[in-house]
Amino acid sequence: MNSLPSHHKQQFTEKWCVVVAAILTIFTLFVNLGLVPMFIHVDEPRRGLVSLEMFLNGNLLVPTLNGELYFNKPPLYNWFVILSFLLTGSMDEFAVRLPMVLSIIFFGLTVYYFTRSYLEKPLAVLAAFMTITSGRMLFYDAFIGLLDITYSWFTYIELMLIFHFYHHRKWNALFTWSYTVAAAAFLLKGLPTLLFQGFTLFIWFGCEKEWKRLFSQAHLIGILFFVVIVGGYYTTYLFQHWQSGSEIITRLWDESARRTIVRFGILETIKQVFTFPYDFISQFFPWTFMVLFLFARRNFKKIVDNSFLRFNALAFLVNIPVYWSAPEVRPRYLFIFTALLFTILVSLYPKESEEKSNSYKIVNFLMLFLSGVAVIMPIAAVIHPETRSVDYAWLKALILIASLVFFFILSLKSRERLLLNMVITLLIVKMGYNWFVLPSWYPDKYRYKQIAENIVAKIGDSPLSYLNTDVNFDGISYYMTAARKKIITREKGKPQTDRFYIGDDVEYPSFRREVLLRFDTKYKQNQALVRFWKE
């Protein structure tokens, strides 16, 4: 077990700082969560729309999108969103994003739960907070209703169960529980789960010289649990849509391979190999600055000698190449790796602090520099033309500045508590982000919601379809579907005269038409809401 000197224990376990950080975490994750309309440049409207259609259809087994079978993702995350609809009694942005926010909270708690058994509890606290306060998660993904944080959380549980039961030599529990959680993770995102489970078991049992366990009855039982759960869902699905079997397999494969060398070729892959480290460090700052600790030989030995750190390192190293070499990998796919990496890095911090190493001094300087910069950010917010119109702008700015100055001074006085103070600083900045930046985004994001509202105002509950178009209308479809409680389908061929249509602003022979509304979408211009009559 990692040893933490007593004077560090006292400084790291300032309970009031931990309480402040916990309260700020909850507060910052929920303030203005539902303010900004759907982010149409990512899959948020699609996650919401698929869930909404399953809810309206009353069929929790068969995801659809605009009434057509949707194969890209299994249904588990949609079930979480539907549960959110039921719990909140609403289908608004808050309800769509609630599962994501709860996943952040439980992800952090899970990191603490497993890490505290193998590292000192103060370090487990820091590892948990670092996982959920990296730049990318806190300032971007923490207010968009996507499934990736939930998937990383489930995958982390899956991996930690492998180590936890291995540590206690409980082989039946190891395979049964890890494969059960892997089945749930598969039903969230599909094939990547097979790589996480397979690669991690292979490298860990191989390095620990326990190969025979991979060929044991316990392992076979675990695989059977996975097959029964995943196979049970798809078997039930195919009873309703038996002809979709090959399409399911093809689409799951395409979703997993579309951002890799399979699609982009060798040159783009080589470029990605060289740019990935920079992208990773910049996306998940400031905690990634601590990778400097890894260049000390003594820290390498410490990781190898500690079984828990060794497992985190091996799980990271064996799984990261798939993403490292994928030219179009999204940062949100990498949250599982931050949990593994930050656990290792925070375990190295006390020794680096004791020895006042050069890497420790650099990390300290960068953390203090960012803390100092954070102090002036509220001033920029109240003078910037896009954010200064916020209600009580100066009052909010003064609260933020006073809080940031307070913790900056604490960091100067007590360097050993710098990491926890940095967590709190990030959360205060996030609160300012919620107060100033999110409201400034509202006008731009609202225009697509406004299109939906205008369409609903013109047609009410009348039949509505998309005509001869494959344009992604998810951004407006969600709002129209939620308001009308009716699924908007796609049609091909000639128009009918008993309904309204959305599509390209074009004429059809033998039909006259009335254009009720013209609009542009993010993906295509010159779209129209029309009604047709026979000439």
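About the criteria used
- Residues numbered from 1 in each chain as written.
- Predicted model: local features only at pLDDT ≥ 70, side-chain atom pairs only at ≥ 80, totals over all residues.
- Heavy atoms only, no water.
- Helix = DSSP H or I, 4+ residues; strand = E, 2+ residues; numbered from the N terminus.
- Contact = heavy atoms within 4.5 Å.
- Patch = residues over 30% accessible without salt bridge, like charges linked within 9 Å, V, L, I, M, F, W, Y side chains within 5 Å.
- Areas by Shrake-Rupley, 256 points an atom, 1.4 Å probe, with all protein chains shown as cover.
- Salt bridge = Lys/Arg side-chain N within 4 Å of Asp/Glu carboxyl O.
- Buried < 20%, exposed > 50% of the residue type's maximum accessible area, 1.4 Å probe, protein only.

(A) Just the environment of Val181, in detail. Turning to its location among the elements, Val181 is positioned in helix H9 (residues 171-189). For the pair Val181 and Glu255, spaced 74 residues apart in the sequence, the C-alpha separation amounts to 21 Å. Excluding residues that lie within four positions of it along the chain, Val181 makes contacts with Phe154, Ile157, Glu158 and Leu161.

(B) A look at unusual backbone geometry. Here the residue pair Phe285 and Pro286 is connected by a cis peptide bond, since its omega of 0° sits within 30 degrees of zero. Summarising the element assignment, Pro286 is placed in the loop between helix H13 (261-283) and helix H14 (297-305). For Asn526, which is not a glycine, the phi torsion comes out positive at approximately 60°. Locating Asn526 in the fold gives a position in the loop between strand S6 (511-519) and strand S7 (527-534).

(C) Representation of a nonpolar patch on the surface within the structure. On the surface, Phe365, Phe369, Val373, Ile376, Met377, Ile379, Ile383 and Trp394 cluster together into a nonpolar patch covering about 830 Å² of accessible area. Per element, the largest residue contribution to the nonpolar patch is seven residues, and it comes from helix H17 (residues 358-383). Along the chain, the position of Ile379 falls in helix H17. On the basis of relative accessibility, which here comes to 39%, the residue Ile379 falls in the partly exposed class.

(D) Highlighting the pattern of salt bridges. In the structure shown here, the tally under the stated rule is 21 salt bridges. Across the pair Arg169 and Glu210 runs a salt bridge whose closest N-O atoms are separated by 2.6 Å. One end of the pair, Arg169, is in the loop between helix H8 (148-167) and H9; the other, Glu210, is in the loop between helix H10 (192-207) and helix H11 (217-240), and 41 residues separate them in sequence. Residue Arg499 is joined to Glu491 by a salt bridge in which the shortest nitrogen-to-oxygen separation is 3.5 Å. The exposure class of Arg499 is buried, given its relative accessible area of 18%. Overall, the relative accessible area of 14% leaves Glu491 in the buried class.

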